[in-house]
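# Breakdown of the fold
In case you want the letters, here they are:
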Amino acid sequence: MFEFLRRRKPGIGTLSVLGTDMHAHWLPGLDDGAPTVEDSLLLIRELTALGYQKLIATPHVMADLYRNSSADIRERLAITRQAVAAAGITVDLDAAAEYLIDEGFEAKVERKDLLTLPGNHVLVEYSFVSAPPSSEGVFFKLQSAGYVPILAHPERYRYYHDDFAAYRRLVERGVKLQVNLLSLTGYYGQSVKQVALQLIEQGLVSILGTDAHHPGHLEELRKLVGNGKFSGPIAKHKWDNGMLFR
Ligand SMILES: [Fe+2]
């Protein structure tokens with residue numbers, strides 16, 4: 001069970017430099033990620049083998065498709081922790097959520113019914129079709145309630161690709177940007193890869209996440225590490241992953 005990988009010393013060339021993965025879908029049966037606890041164990045084993053010391057699951061929460069409550073997510077986390085302990089895997093597990101900014105989200109903010117990443121960070125995503133009409137107001141509401149917003153995979157919102165000022169405005173307003181590691185491999189296409197690299201070059205990105213849903217994503221991540229592509233300035237950069245989410 002990947003013992004040789006687990007013994008590998010932390011350093012450049014593995015994802016251990018990041019410390020914590022704060023965006024993934026390995027909790028079982030909640031969304032389009034792992035369907036069963038067995039699938040969860042597979043993803044958790046492989047993420048741990050890549051060098052992470054802590055994994056935070058972020059199941060989708062959407063008003064229409066994935067109506068996961070905070071209680072549902074906590075319950076699946078408890079089940080998964082038990083299974084991981086029984087399987088003898090050593091890794092720190094936690095859970096938050098990835099909230100789509102939709103008609104149900106503002107009500108959750110008002111009720112303070114949000115599962116947060118450490119430091120009161122809240123992971124949010126936009127639709128891939130169009131930006132939410134009132135995102136600035138939503139971010140303001142979140143911040144006024146004491147939360148720190150993190151926007152998931154900004155590089156995947158193609159409607160922003162020709163509008164870097166929009167990205168910059170978000171950062172200036174205190175929204176942290178989180179790029180997917182898989183974007184760096186070209187997994188989502190060349191334009192997404194280029195925008196991810198440009199955002200990083202321009203210093204707009206604070207956090208890297210796997211957004212791992214299934215074994216195919218893990219295979220891509222292994223390639224990223226295995227062929228040395230996760231190296232150079234990107235690997236050496238001081239990402240906020242470890243610092244914020246210990
Ligand atoms: Fe995600």
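Above this note sits the structure.
For the structure given in this document, a descriptive report is provided here. (Residues numbered from 1 in each chain as written. Predicted model: local features only at pLDDT ≥ 70, side-chain atom pairs only at ≥ 80, totals over all residues. Heavy atoms only, no water.)

Coordination sphere of the iron ion, protein contribution only: H23 (NE2), H25 (NE2), E98 (OE) and D211 (OD), at 2.0 to 2.2 Å. What the four donor atoms of the iron ion show is an angle range of 84 to 172 degrees at the metal, which sorts the shape as irregular. Summarised as a motif, the one-chain spacing of the donors to the iron ion is H-x1-H-x72-E-x112-D. Taken together, the residues E98 in strand 5 (residues 98-100) and D211 in the loop between strand 9 (205-209) and helix 9 (215-226) connect sequence positions 113 residues apart. The class of E98 is buried, set by a relative accessible area of 0%. (Donors = N, O, S within 2.8 Å, 3.2 Å for Na, K, Ca; no water. Tetrahedral: all angles 85-135°; square planar, octahedral: opposite > 155°, others 65-115°. Helix = DSSP H or I, 4+ residues; strand = E, 2+ residues; numbered from the N terminus. Buried < 20%, exposed > 50% of the residue type's maximum accessible area, 1.4 Å probe, protein only.)

Before going further, it helps to examine the sheet that holds strand 4 (residues 92-95). Strand order across the open sheet formed by three strands is 1-2-4, with parallel pairing between neighbours. Sheet topology places strand 1 (20-21) and strand 4 at the edges, where each strand pairs with a single neighbour. The pairing of strand 1 with strand 2 (residues 54-57) spans two bridges and is parallel. What sits directly across from T20, in strand 2, is K54. (Pairing = 2+ DSSP bridges.)

Our focus in this paragraph is unusual backbone geometry. Despite not being glycine, K112 has its phi angle at roughly 55 degrees, a positive value. Position of K112 relative to the elements: it lies in the loop between helix 4 (105-111) and strand 6 (121-125). K112 sits in the exposed class, given a relative accessible area of 52%. Not every positive phi belongs to a glycine, and D211 is a case in point at roughly 50 degrees.

Of all five residues that make up strand 9, five are buried, and the element is covered over most of its length. Where strand 8 (residues 176-180) and strand 9 come together, four bridges link them in parallel fashion. Residue L177 lies in a different strand from strand 9, and its bridge partner there is V205.

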